[in-house]
Amino acid sequence: MKQVTVFGGSGFVGRHVVSRLAARGLVVRVAVRDVAAAGLVKPMGDVGQVTPVRANILDEEAVAAAVEGSHSVINLVGILYGRGRQRFDAIHREGAERIARLSKDAGVKHFVQMSALGASLTSPSQYASSKAAGEEAVRKAFEGASVVRPSVIFGPDDDFFNQFAAIARLSPFLPVFGCPFPTFSNGSIDLYGSGGTKFQPVYVGDVADAIVACLYCDNAAGQTYELVGPTVYSFKQLMQLVLNVTDRKCLLLPVPFWAASMKALFLELLPKPLLTRDQVKLLKSDNVFSGSAPVLETLGITPTAAELIVPTYLDRFRRGGRFHEAQTN
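An account of the accompanying structure is given in this report. Position numbers for residues count from 1 along each chain, tracking the sequence in the order it is written. For this predicted model, a pLDDT threshold of at least 70 governs which residues receive local features, and a threshold of 80 or more governs which side-chain atom pairs are given and counted, while totals over whole chains, interfaces and linings are taken from all residues. Only hydrogens and water are set aside; all other atoms, that is, all heavy atoms of the structure, feed into the side-chain values.

### Topic: the pattern of salt bridges
Here comes step 1: Salt bridges are defined by distance alone: a side-chain nitrogen of Lys or Arg within 4 Å of a carboxyl oxygen of Asp or Glu. Per the counting criterion, the structure on display carries ten salt bridges.
Here comes step 2: With a closest N to O distance of 2.9 Å, Glu97 and Arg101 form a salt bridge. In this pair, Glu97 and Arg101 both sit in helix H3 (residues 88–105), four residues apart, roughly one turn of the helix.
Here comes step 3: Glu268 serves as the salt-bridge partner of Arg277, at 2.4 Å between the closest nitrogen and oxygen.
Here comes step 4: Type-normalised accessible area, obtained with a 1.4 Å probe on protein chains alone, sets the label of each residue: buried when under 20%, exposed when over 50%, and partly exposed for intermediate values. Owing to a relative accessible area of 38%, Arg277 belongs among the partly exposed residues under this scheme.
Here comes step 5: When salt bridges with common partners are traced through the structure, they connect Glu60, Glu97, Arg98 and Arg101 into a single cluster. Runs of H or I in DSSP of at least four residues are treated as helices and runs of E of at least two as strands, each being numbered from the N terminus.

So this is what it looks like as structure tokens:
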């Protein structure tokens, strides 16, 4: 059986990718920093089919050992904020380049790099600019690499809908980032404008299917795919979706970017920041399809709507409990 190495294979997206690879009968080497914490991926295949190995992407020898003997390599490693040695440039550019270069040296046939929608070398966000730099470094090191750029990814254990649903359970307010100053029109006040930053959330299962498809699609080599869902939402609409699913009555609070930056100045000091100033910079640009790149449908995948999936895992945040609706009917 062919072997695939998946860097970051125990993470949110990685677990879905690993399960799909195992279902295809491939031997999967899951390269992670914490082998013990990655034990949950072992049952995704037959005995010995899925094996976690220790490999910090900042370590040249560890990466070389992880890719040795593999037919394909997938890099899913990414961070949302920097801590210690885990800095944007080190992880998104240097780490990605190292994996791609050593994969090429090892004779790997297929390479897939997960980037992010909105990645740009000119972005004021370190996250977005380092992601773009990583794409560029991978292309130079591994000609024919496939790149996927997902929008905000949703699904069980996501860090977006789950986070705001948890806030709604404790706070009377949910933020709507990117709203303009209030305006008056026809005797009424407009607090939200167009509803803040626009997003096109994509289902984690669709992202995993796309990544695996890149290993089998003859036309995927050298392509950059923008992975987006079927619907564009404003930030306000996404917060309203959270409230509808969880049956909560929070006030949607318009938050201009300057206020978000002030709040992030303190929140980014937390061990796991709820918001950073770099993320605020990212929020200043809509996170939607550019209109020109190949998408999920190009790989034969029909995008899944958020309304079909989000209720299946946010129900645990529902006012009155998961079975609240069933008990009141």
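### Side note on the sheet that holds strand S4 (residues 72–75)
The strands making up a sheet are joined through hydrogen bonds of the backbone, oriented either antiparallel or parallel.
Here comes step 1: Across the sheet, which stays open at both edges, the seven strands sit in the order S3-S2-S1-S4-S5-S6-S13 with parallel pairing between neighbours. Every other strand in the sheet has two partners, leaving strand S3 (50–54) and strand S13 (224–227) as the edge strands with one partner each. Strand-to-strand twist of the sheet, defined as the mean angle between neighbouring strand axes without regard to direction, takes the value 20 degrees.
Here comes step 2: DSSP bridges decide pairing: two strands pair if at least two such bridges lie between them. Note that strand S1 (residues 3–7) and strand S2 (residues 27–32) share five bridges and pair parallel. By the bridge assignment, Phe7 is partnered in S2 with Ala31.
Here comes step 3: Contacts from helix H2 (residues 60–67) reach S1, S2, S3 and S4, with the element oriented near 145 degrees to S1.
Here comes step 4: Helix-sheet contacts for helix H4 (residues 126–141) involve strand S5 (110–114), strand S6 (146–150) and S13, and the interaxial angle to S6 is about 165 degrees. Note on geometry: axes are lines fitted to C-alpha atoms, helical ones only across the stretch in contact, with angles between N-to-C directions running from 0 to 180 degrees. Note on definitions: a residue-residue contact is assigned when non-hydrogen atoms from the two residues lie within 4.5 Å.

### Here's the deal with the packing of aromatic side chains
Here comes step 1: Whether two aromatic rings pair depends on their centres lying within 6.5 Å, for rings of Phe, Tyr and Trp, where Trp uses its six-membered ring; planes under 30 degrees apart make the pair stacked, over 60 edge-to-face, and the rest tilted. What the rule picks out here adds up to eleven aromatic pairs.
Here comes step 2: Between Phe160 and Phe164, the ring centres sit 5.3 Å apart and the planes meet at 70 degrees, which makes this aromatic pair edge-to-face.
Here comes step 3: Between Phe177 and Phe235 the ring centres are 5.3 Å apart and the planes differ by 90 degrees, which places this aromatic pair in the edge-to-face class. On the criterion of sequence distance, the pair formed by Phe177 in strand S8 (residues 173–177) and Phe235 in helix H7 (residues 235–246) is long-range, its members being 58 residues apart. Residue Phe177 shares its accessibility class with Phe235, and that shared class is buried.
Here comes step 4: Among the aromatic side chains, those forming a connected cluster through ring pairs are Phe154, Phe160, Phe161, Phe164, Phe177, Phe199, Tyr203 and Phe235.

### Thoughts on a nonpolar patch on the surface
Here comes step 1: Without a salt bridge and with relative accessible area above 30%, a residue can belong to a patch; like charges are then joined within 9 Å and nonpolar side chains (Val, Leu, Ile, Met, Phe, Trp, Tyr) within 5 Å. Each accessible area value is a Shrake-Rupley result obtained with a 1.4 Å probe; residue values ignore everything except the protein chains displayed when judging cover. Among the surface-exposed residues, Phe173, Leu251 and Leu253 lie close enough to one another that they form a single nonpolar patch of about 260 Å² accessible area.
Here comes step 2: If you trace the backbone, Leu251 turns up in strand S15 (residues 251–255).

### Brief notes about the side chain of Gln49
Here comes step 1: Tracing the chain through its elements places Gln49 in the loop between S2 and S3.
Here comes step 2: N or O atoms closer than or at 3.5 Å make up a polar contact, with two conditions inside protein: a donor-capable atom paired with an acceptor-capable one, and, for residues adjacent in sequence, both atoms drawn from side chains. For Gln49, the side chain forms a polar contact with the main-chain oxygen of Ala22, separated by 2.9 Å.
Here comes step 3: Within the local environment of Gln49, its side chain forms a polar contact with the backbone nitrogen of Asp46, the two atoms lying 2.9 Å apart.
Here comes step 4: Setting aside its immediate chain neighbours within four residues, Gln49 contacts Ala22, Gly25, Leu26, Val27 and Val28.

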